Amino acid sequence: MLQAGIVGLPNVGKSTLFNALTKSRKAEAANYPFCTIDPNVGVVQVPDVRLKPLAALVGTTTIIPAAIEMVDIAGLVAGASKGEGLGNKFLANVREVDAIVHVVRCFEDEDVIHNMGRVDPISDAEVIMTELILADVESAQSQLQKTQKKARGKDKDAEASVALLERLIPHLDEGNPANLLKMDEDEKMRLKSFFLLSAKSMLYACNLKEEEISDPSGNTHLGAFQKWASSQQDANCCIISAKMEEELSELSDDEAKEYLEAMGVEDSGVSSLIKASYDLLGLASYLTAGEKEARAWTFTKGMTAPQCAGVIHTDFEKKFIKAEVVSYEDLINAGSMQVARETGKWRLEGKEYLFDDGDVVLFKCNA
């Protein structure tokens, strides 16, 4: 299962957010740096409004949503790349995740210590990115030295890696993250093989006070940070109140709905954050529905029909024949599986078909 790592400076709300996401008390949240040392890992359900109507259509009450893993990584500090705080350990934890959810503190609160002495989300984000880049410089230089030896033997693959690393290192030295280097598609694929921290896709979670969620425009830090974040490639922002979300996670669905209505908020910020994290990881869902259950299955965007069949069981990929496919919208508009078939909305797809998010599927496989 792919993982999104939650990072940030100490005391920005990472562990509180993790508890809200996983609906647990697994991560200690306290008002001092490094209260989290070893990473906490939790499975998070991906909200999907399509599952309930789909379940009603086929007459089942069992709903199984997709899921991803979230990792609560302890707070990084300036100098982490040189071992400050528990830097080397934390950077190793970041290296192991597939994408980054970077929590930035946008709220003022004298009772919550700020590691840098003041609330400045842009500065905070730059501190973290600088540490990731510094670690990448060291890694890229080491990889260049090793790859140059192979390139001397006329290894074409090594030569291509050397060419990219020689462009990348000066780019990193100027304080730029790896994912902002101009690259063609082949180079982007090659970059992944270097396993650099600043090459990972990133999402910013802007942590506000509870009372600011209904009207975020009143927050003095948010607008400037969003403008800054828009200059960072693949870096979108989600607005959350980690404290409010943690409180919501302890309520029943009906109680949480009433709470949100009282706050003047339509949806939970955590729901948006989870869905954005799912997309950040390059994931999407196809759906199956029958008497036993309505279920969302996770696949990586760009996967073929047999590969998606293999998500359910490896034998399904090996013995794949065809996939019966209908889009969720077409199925709901038809009102039943039978009508969808009669009106030609169901279609047979073969081995080359690339799945779309929201495809409702029945696989045909050899016995």
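Residues numbered from 1 in each chain as written. Predicted model: local features only at pLDDT ≥ 70, side-chain atom pairs only at ≥ 80, totals over all residues. Heavy atoms only, no water.

**Remarks on the pairing of strand β6 (residues 202-207)**
Part 1: Burial runs high along β6: six of the six residues are buried.
Part 2: Alternating residues of β6 divide into Met-202, Tyr-204 and Cys-206 and Leu-203, Ala-205 and Asn-207, and every residue in both groups is buried.
Part 3: Relative to β6, strand β5 (residues 99-105) runs parallel, the two sharing six bridges. What sits directly across from His-102, in β6, is Tyr-204.
Part 4: Pairing analysis gives six bridges linking β6 to strand β7 (residues 235-240), with the strands arranged parallel. From the neighbouring strand, Met-202 faces β7, where its bridge partner is Ala-235. (Buried < 20%, exposed > 50% of the residue type's maximum accessible area, 1.4 Å probe, protein only. Helix = DSSP H or I, 4+ residues; strand = E, 2+ residues; numbered from the N terminus. Pairing = 2+ DSSP bridges.)

**Some remarks on the confidence of the model for the chain**
Part 1: On average, residues of the chain carry a pLDDT of 87, and 89% of them reach 70 or more.
Part 2: Confidence over residues 25-37 falls short of pLDDT 50; this stretch has 41 contacts with residues more than four positions distant or in other chains. (pLDDT = per-residue confidence, 0-100. Contact = heavy atoms within 4.5 Å.)

**With respect to the packing of helix α8 (residues 242-249) against helix α9 (residues 253-263)**
Part 1: One can describe the packing of α8 onto α9 by two numbers: an axis separation of 9 Å at closest approach and a directional angle of 150 degrees. Considering how the two elements wind past one another, α8 and α9 form a crossing that is right-handed. Residues Met-244, Glu-247 and Leu-248 of α8 lie in contact with α9, whose contacting residues are Ala-256, Tyr-259, Leu-260 and Met-263.
Part 2: Here the residues of the contact of α8 with α9 sort into six nonpolar, no polar and one charged. (Axes fitted to C-alpha atoms, helices over the stretch in contact; angles between N-to-C directions. Left-handed = near helix turned anticlockwise from the far one by under 90°. Nonpolar A, V, L, I, M, F, W, Y, C, P; charged D, E, K, R; others polar.)

**A closer look at the packing of aromatic side chains**
Part 1: What the rule picks out here adds up to 10 aromatic pairs.
Part 2: With centroids separated by 5.4 Å and ring planes inclined at 40 degrees, the aromatic side chains of Phe-225 and Trp-228 adopt a geometry described as tilted. With a gap of three residues between them, Phe-225 and Trp-228 both fall in helix α7 (residues 222-229), about one helical turn apart. The pair Phe-225 / Trp-228 is uniform in exposure class, with both members buried.
Part 3: Measuring from ring centre to ring centre gives 6.0 Å for Phe-355 and Phe-363, while their planes differ by 10 degrees; the resulting arrangement is stacked. (Phe/Tyr/Trp six-rings, centres within 6.5 Å; stacked < 30°, edge-to-face > 60°.)

**A few points about the pattern of salt bridges**
Part 1: Per the stated rule, a full pass over the model turns up 11 salt bridges.
Part 2: One connected set of salt bridges, linked through shared partners, spans Asp-48, Arg-50 and Asp-357. (Salt bridge = Lys/Arg side-chain N within 4 Å of Asp/Glu carboxyl O.)

**Quick notes on the environment of Leu-273**
Part 1: Looking at where Leu-273 falls in the secondary structure, it is placed in helix α10 (residues 269-280).
Part 2: With residues near it in sequence (within four places) discarded, Leu-273 still touches Leu-17, Leu-21, Val-101, Leu-203, Ala-205, Cys-238 and Ile-240.

**A look at the environment of Pro-39**
Part 1: Structurally, the position occupied by Pro-39 is in the loop between α1 (14-22) and β2 (40-45).
Part 2: Overall, the relative accessible area of 31% leaves Pro-39 in the partly exposed class.
Part 3: The spatial distance from the C-alpha of Pro-39 to the C-alpha of Asp-72 is 5.3 Å, given a sequence separation of 33 residues.
Part 4: Non-local contacts of Pro-39, meaning those with residues more than four positions away in its chain, are made with Val-71, Asp-72 and Asn-93.

**So, a negative patch on the surface**
Part 1: Among the surface-exposed residues, Asp-253, Asp-254, Glu-255, Glu-258 and Glu-261 lie close enough to one another that they form a single negatively charged patch.
Part 2: Mapped onto the elements of the fold, Glu-258 is located in helix α9. (Patch = residues over 30% accessible without salt bridge, like charges linked within 9 Å, V, L, I, M, F, W, Y side chains within 5 Å. Areas by Shrake-Rupley, 256 points an atom, 1.4 Å probe, with all protein chains shown as cover. Lys, Arg positive; Asp, Glu negative; His and termini not counted. Charge placed at Lys NZ, Arg CZ, Asp CG, Glu CD.)

**A closer look at the layout of surface pockets**
Rolled over the atoms, a probe as big as a water molecule pinpoints where empty space is left.
Part 1: Roughly 1300 Å³ of internal volume is contained in the largest pocket.
Part 2: What lines the largest pocket is a set of 33 residues, among which Lys-23, Pro-47, Asp-253, Asp-267 and Ser-271 lie closest to the centre.
Part 3: For the lining of the largest pocket, the element with the highest residue contribution is α9, accounting for six residues.
Part 4: In terms of residue class, the lining of the largest pocket is made up of 17 nonpolar, five polar and 11 charged.
Part 5: What the second largest pocket holds in volume is close to 990 Å³.
Part 6: As for the second largest pocket, its lining consists of 29 residues, and the residues nearest its centre are Lys-192, Ala-199, Lys-200, Ser-201 and Leu-280.
Part 7: Counting residues per element, the ones that place at least two in the lining of the second largest pocket are α3 (87-96), α6 (185-192), β6 and α10.
Part 8: No other element matches α6, which puts five residues into the lining of the second largest pocket.
Part 9: Residue composition of the lining of the second largest pocket, grouped by class: 14 nonpolar, six polar and nine charged. (1 Å grid on protein atoms, 1.4 Å probe; cavity = no way out; pocket = protein on both sides within 12 Å on 5 of 7 lines; lining within 4 Å. Points joined across faces, edges and corners; volume = space filled by probe spheres on them.)

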